[in-house]
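Observations on chain architecture
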Amino acid sequence: MAISMLFAVLLAAVSFGESSYIDYNTTGGIVPGKINVHLVPHSHDDVGWLKTVDQYYVGANNSIRGACVQNVLDSVISALLDDENRKFIYVEMAFFQRWWRQQSRKLQNRVKELVNSGQLEFINGGMCMHDEAAAHYIDLIDQTTLGHRYIKDEFGQTPRVGWQIDPFGHSAVQAYLLGAELGFDSLFFARIDYQDRAKRKDEKTLEVVWQGSKSLLSTSQIFTGIFPRHYDPPDGFVFEINDISPPIQDDVLLFDYNVEERVNDFVAAAISQANVTRTNHIMWTMGTDFRYQYANSWFRQMDKLIHYVNKDGRVNALYSTPSIYTDAKNAANEIWPLKKDDFFPYADHPNAYWTGYFTSRPAFKGYVRMMSSYYLAARQLEFFQGRKGSGPNTDALADALAIAQHHDAVSGTQRQHVAADYALRLSIGYLEAEELVSSSLALLAESKLSTRRANPVTKFQQCPLLNISYCPPSEAALSDGKSLVVVIYNPLGWKREEVIRIPVSTERLTVHDSSGKEIESQLLPSVNASFNTRNFYVKAYLGKSPSGTPKYWLAFLASMPPLGFSTYIISSAKQTGASSTISKVWASEGNTNSTIEVGQGSLKLLYSADDGKLTHYLNSRSLVTAFAEQSYGYYSGNDGTDKDPQASGAYVFRPNGTFPIKSEGQVPLTVMRGPILDEVHQELNPWIYQVMRIYKGKEHAEVEFTIGPIPLDDGIGKEITTQIKTTLKTNKTFYTDSNGRDFIKRIRDYRADWDLQVNQPVAGNYYPINLGMYVQDDSMELSVLVDRSVGGSSLVDGQIELMLHRRLLHDDIRGVGEVLNEEVCVGDRCEGLTIRGKLYIRIDPVGEGAKWRRTFGQEIYSPLLLAFAEQDGNNWMDSHLPSFSGLDSSYALPNNTALITLEELENGKLLLRLAHLYETGEDKDYSVMATVKLKKLLPNMKITKVTETSLSANQERRKMEKKRLIWKVEGSSEEPKVVRGGPVDPAKLVVELAPMEIRTFLIDFDHIPVYSS
C-alpha cells in the first residue's frame, strides 16, 4: 500500500510538474542589513610540489596526481565568458605566463576584457605563492616584482590583495613589506596555530589590522583576514567533478529534488561563520588545490546557490573577490583588533609543529641563497656594461629563483624529483648569468683598451663548486712564467676587507695587489677529510672526477672598493725570494698543556687540550671575557608508532629524545696557525667534521661544518643540531630574524596572543632563521649568523641551538607522501646527503652586537664574487684596469644602508632599491635617518627623472598612498609618530631612509659608458 501511494505521488509530480530552462539570477551585489556571503572562486595551484611545475601545467605524471593547470585556465576562461556575473581570482603568474603565451591574439583580447571588467582578478601576483619562513626578503621582493611587472605590462593592472593561503606560518615581513609596501589593502591566509585559531573564533578576532614592523608601525599596517577553517569551502559545498558534495537538483521532473535542503544547508553554514566574524560580511573560498579543471561543475552550482539563496532571502550570496570583500569590510567602519609580530610557529595538532621544514633540504636552501646573491651581483654587472637585446642575460636565473621561493620549494617540502627540477632550473640560469658576469668583468677590466670595448678578449672562469673545495683555475699548476689573475667583485655599497681562500697545488707562491705590491699570504695544508666529499660530489655534479688534489688553501687579505673590483696576481715565487707562509700545524695528541689558545688578533678562543672542547671567548678590544662551549647533538625523529601516529617528516619536527654527539677521534683537535688566520680542525666522527676559523683582523669566529651522510643503520631518523652555550642569564628570551630583516623577541613556552598549552617543548619553541639569532643579558650578547635558512631556538638560558641537517625514515602525513631521506648517487653508489655550511659566532658588550649582525649579515648574503684568468708574464696591469668602482671615487654608502637592487630594465629604465638596515632603537649610532646621494651612487649616468614607486615598482608611490584604505584600530591613539624619508628633490637627488625603510625608484637616464676614457 505504501509503495502504491509513493508511486502515485511521483506520477502526479511528473504529470503536473514542468521542467524548463531557468535563467539563474546572479546579478546581485551587497545587501545592507543582511549577512553577505562573498563567494570567491579560486584554484590553489602549487608551482611544483608532488610534480614539477611543468608537469603540473601540462597535466603530466598523473599517476602521482591528476592535476593540469592548463585545463584549469582553459576551463575557467570559458566559464567566465559564458556569464558576465561570474568571477575568478588567479595567483601564480608562473602558470599564467605559460598559458598566456599559448593563446591566440583573439582570445588574449577577450581575456583582457575579463580582467578590465573585474571578472578575472590577479591576486598576490607574484610568480608563486612564496614561503614565509625559509625565504630571504630580497628574494621575496624579486619574485613579486617579476610577477607584478608582467601583470602591469600585459594588463595594466596592479594587484590589491595579498593571498598567502597555504604557507605554513606567516612572517612579520610578509605583513608590512610584502603587503602594505606593495600597496596591498589586505592580506588573507588559512594556516595559523590550532590553539590561536580556536581563541580567535571565540573572540571574533580572525580579522585584524597587522602591524608587522616595530619601526614603521601604522604607516605600514595591513588588514588581515584568517579563514575560520582551511582555504576550501564549508563542508558540503565542494563541486569539482569527482567531489561528493550533493549538487543542487532543481529539475522537478527528476528524483532527489533538494533546493530547499541545499538552501537551508547554505544558510546554516553562513550563520555559523558569521558567528565568528565581525560585520555582516563573510568570505567563502570556493576552491582548493588544482580545482576548476572542469569549471562548469563549480559555476553551475554557484549560479544555482546565488539564485535560490537570494530568493529565500535570509542571507545574501554574491560572486565576489577579496578586493570587493576588503572594500565592504572597510566601509563597515568597524574598530579592528591590532596584531603585532608574526604567526610562527604553526601547529595543526598538539604534537604537530611545522618547524622541521625550517631546515629540510639544507643543501637546496644553501643553493637558493647562493644563487640569490649571484643574481644580485649579476644584475649590477649587467647594468654596468649596458643591457643588450641579445646575448646572455639574467632572465633565466630570475625565473628559476622566483619559483624556488614557492612554499613547497625553498621550504624543502617537495618530492625529490621536484627538488632536482628546481635545482636544474637554477643551474641553467646560473650558467647563462655566469657568461654575462664574465663578459661584463672583462669589458670593465679591458676598458683601458679602446679597441676592445665591444668584444672583450679576456676569458674569466668562475668556481661555483668552491664550497666543496673544487676550483680548476686556481688549482692549475703555474708554469712557464704564467700567473693566476684573481678579479674580486664586491656587490655591496661599502669598501670591504676580507680574507680570500682558494685551493692551490703549488707550495711557493706570491700574491700581489692591484698596485703591484706584494702582500702577505698564508698556505694551509689540505686535509684528507675533505677529499672524499670533494671527489664524490664533483663526480656527482659534473660526471667526472677531479684531475688532481690541491695540496693547500692559499689565504690572503683582499681589499675591494664599493660596487667594484680589485685585482690580485698569484705567481710562483722565485727560488730565493719571499713566498707564502706555510701554516704551523699542531695536534693536541700528547700535549702537556691543559689549555690551547687560538687567534692572532683581538679575538682569542681557548680550548681544553684534554677533550678538544671550546671553553672561553676573549676579546681584548671590547674586554669581553666569556665562558663558551660549542657542541653537536641530534634528535631522534619520532616514527609515529605511539598512541599519536604523528612522525617527524619534511614539515613536522617531532623529536623522540635528544642525544649528544661526542668526539670519537683519537686526536681531539688539530690547530693550523699563521699570520692571517688560525684554524681549529675537529673530526667528531666519520660524518661530522668542523673547522673553526679566527681571522686576525676580525672579531668573530667562523664555523665551517661538514655533516653527512647521517647514518640510518640503527633504523632511527636523525635531526642534527649544534649548540653554543654561555653563562648569560637570558630569562627564557631570545631574538630571531624575520626573513633576514627585523628581529622579533621570542620567549620560551610563551605566545603573546594566547595562553600556550605546551605539548612539544622543543619543536614548539623552534623558529625560522635566515640571518641569525641572539640572546642577551645585562652585560653581554651572544649572536650567531647563518648562511642559509635553518631552524633554531634557545631551549636553555644562555644557549643558542640551530638545526643544521635532517635525515628521516617516516613521512609526516602532510601530503608530500615521501620520506625526507636525501641521497646522492654516482653510478650504482648512493649515499645520504652531505652538506657543508657556515655559521658565525660573536659575543659583544650588550647593545653593541647590532653593528656586526647588520653589517656582516649583508656580507654573508652578498659574498665576494671571484673570477679567474691566466696571464703570461707581468703585463696584466699594463693592459687592464686593476680596480674599478661603480660609485664616485670619493663615495660609499652609509654603514646603515644597503643597495638591494640595481637593474636595467628592458624599457631602458633603471630599477633602484635602497634599504635601511636597522630598526628603530636597535643601535645608538645607526638607527637614524640615512641619506644616499644618487649623483655619487650613479656617477656614470645623467639622471633625467626619478620616480618613487611601490616596492614592486608597479605604481607610483604617491598615487599608492592616496589610494590606501584607512582602518580604525584598537588603541591606535597611543602610537608614537613615525617619520619616513622625504620626497627626492630633482636637483639635489638625495634619498632619505628611515629605520627599516626600503625605497624603490624607477630612474630615467642617459647612459655614460663606464669604460669610456
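Computed from a prediction, not measured in an experiment: that's the story for all the values here.

What counts and how
Residues numbered from 1 in each chain as written. Predicted model: local features only at pLDDT ≥ 70, side-chain atom pairs only at ≥ 80, totals over all residues. Heavy atoms only, no water. Core = buried A, V, L, I, M, F, W, Y, C linked by side-chain atoms within 4.5 Å. Buried < 20%, exposed > 50% of the residue type's maximum accessible area, 1.4 Å probe, protein only. Helix = DSSP H or I, 4+ residues; strand = E, 2+ residues; numbered from the N terminus. Contact = heavy atoms within 4.5 Å. Phe/Tyr/Trp six-rings, centres within 6.5 Å; stacked < 30°, edge-to-face > 60°. Salt bridge = Lys/Arg side-chain N within 4 Å of Asp/Glu carboxyl O. Pairing = 2+ DSSP bridges. Axes fitted to C-alpha atoms, helices over the stretch in contact; angles between N-to-C directions. Disulfide = S-S within 2.5 Å. Polar contact = N/O pair within 3.5 Å; in protein donor to acceptor, adjacent residues only side chain to side chain.

This part takes up the nonpolar core. Among soluble globular proteins, nonpolar side chains are generally buried collectively. The biggest cluster of nonpolar side chains holds 231 residues, and the ones touching the most others in it are Phe96 and Leu120. Here the element with the most residues in this core is helix α12 (residues 362-385); it accounts for 11 residues. Setting aside chain neighbours within four positions, we find Leu120 in contact with Ile77, Leu80, Phe88, Tyr90, Phe96, Val111, Leu114 and Val115. Among the nonpolar cores identified, the runner-up in size contains 23 residues, and Cys463, Val486, Leu509 and Tyr568 belong to it.

This paragraph deals with the packing of aromatic side chains. Aromatic ring pairs: the centre-centre distance and the angle between the two ring planes describe each pair. Applying the stated rule across the entire model yields 55 aromatic pairs. Ring plane angle 25 degrees and centroid distance 6.0 Å describe the contact between Phe96 and Trp100, whose orientation is recorded as stacked. Placement of both Phe96 and Trp100 in helix α4 (residues 93-100) is noted, with a separation of four residues, approximately one turn of the helix. On the basis of relative accessible area, Phe96 is assigned to the buried category, the value being 0%.

As a further point, take the pattern of salt bridges. Pairs may arise between side chains of opposite charge once their charged atoms sit close together. With the rule as written, the count across this model stands at 65 salt bridges. Where Glu181 meets Arg980, a salt bridge forms, and the shortest distance between an N and an O atom there is 2.7 Å. Taken together, the residues span a long stretch of sequence, with Glu181 in the loop between α7 (172-176) and β5 (186-189) and Arg980 in the loop between β50 (968-969) and β51 (990-993) at a distance of 799 residues. Assessed through its relative accessible area of 3%, Glu181 is described here as buried. Judged by its relative accessible area of 18%, Arg980 is buried. With a closest N to O distance of 2.9 Å, Glu956 and Arg958 form a salt bridge. Look at Glu956 and you get partly exposed, because its relative accessible area is 28%. A single network of salt bridges, built from pairs that share partners, joins Glu181, Arg957, Glu961, Arg964, Arg980 and Glu997.

Moving on, we come to the sheet that holds strand β37 (residues 772-776). Reading across the sheet, the 10 strands line up as β22-β29-β30-β31-β32-β43-β38-β37-β34-β35 and stay open at both edges, with antiparallel pairing between neighbours. Each of the sheet's edge strands pairs with one partner strand only, and the pair in question is β22 (584-587) and β35 (743-747). Sheet twist, expressed as the average angle between the axes of neighbouring strands with direction ignored, equals 20 degrees. Pairing of β37 with strand β38 (residues 780-786) involves five bridges; the strand directions are antiparallel. In the strand pairing of β38, Tyr774 is matched with Ser783. Against the sheet, helix α17 (residues 849-861) touches β35, β37, β38 and β43 (835-845), its axis set at about 10 degrees to β38.

As a further point, take the state of the cysteines. As used here, a disulfide is simply a covalent bond connecting the sulfur atoms of two cysteines. Going through the model one piece at a time under the given rule, you end up with two disulfides. Sulfur-sulfur distance for the disulfide between Cys463 and Cys471 comes to 2.1 Å. Handedness here is read from the sign of the S-S torsion; for Cys463 and Cys471, about 60 degrees, the answer is right-handed. Take Cys471: its relative accessible area is 0%, and that puts it in the buried class. The disulfide partner of Cys825 is Cys830, and the S-S distance across this bridge is 1.9 Å. Handedness here is read from the sign of the S-S torsion; for Cys825 and Cys830, about 110 degrees, the answer is right-handed. Here Cys830 falls in the partly exposed class, since its relative accessible area comes to 39%. Here the disulfide map of the protein reads 1-2, 3-4, the bonded cysteines being numbered as they appear in the sequence. In this model Cys68 remains outside any disulfide bridge; the closest cysteine sulfur is found in Cys128, 20 Å from its own.

With respect to the element layout, Lys304 can be found in helix α10 (residues 296-312). Given a relative accessible area of 9%, Lys304 falls into the buried group. Sequence-wise, Lys304 and Ser572 are 268 residues apart; in three dimensions their C-alpha atoms are separated by 83 Å. Once you skip the residues sitting within four places of it in the chain, Lys304 turns out to touch Tyr24, Ile248, Asp250 and Val309. A polar side-chain atom of Lys304 sits 3.1 Å from the main-chain carbonyl oxygen of Ile248.

Once that is clear, we can look at the side chain of Arg746. Relative to the helices and strands, Arg746 is located in strand β35. If we ignore the near neighbours within four places in the chain, the residues touching Arg746 are Asp342, Phe344, Lys732, Thr733, Phe734, Thr736 and Tyr767.

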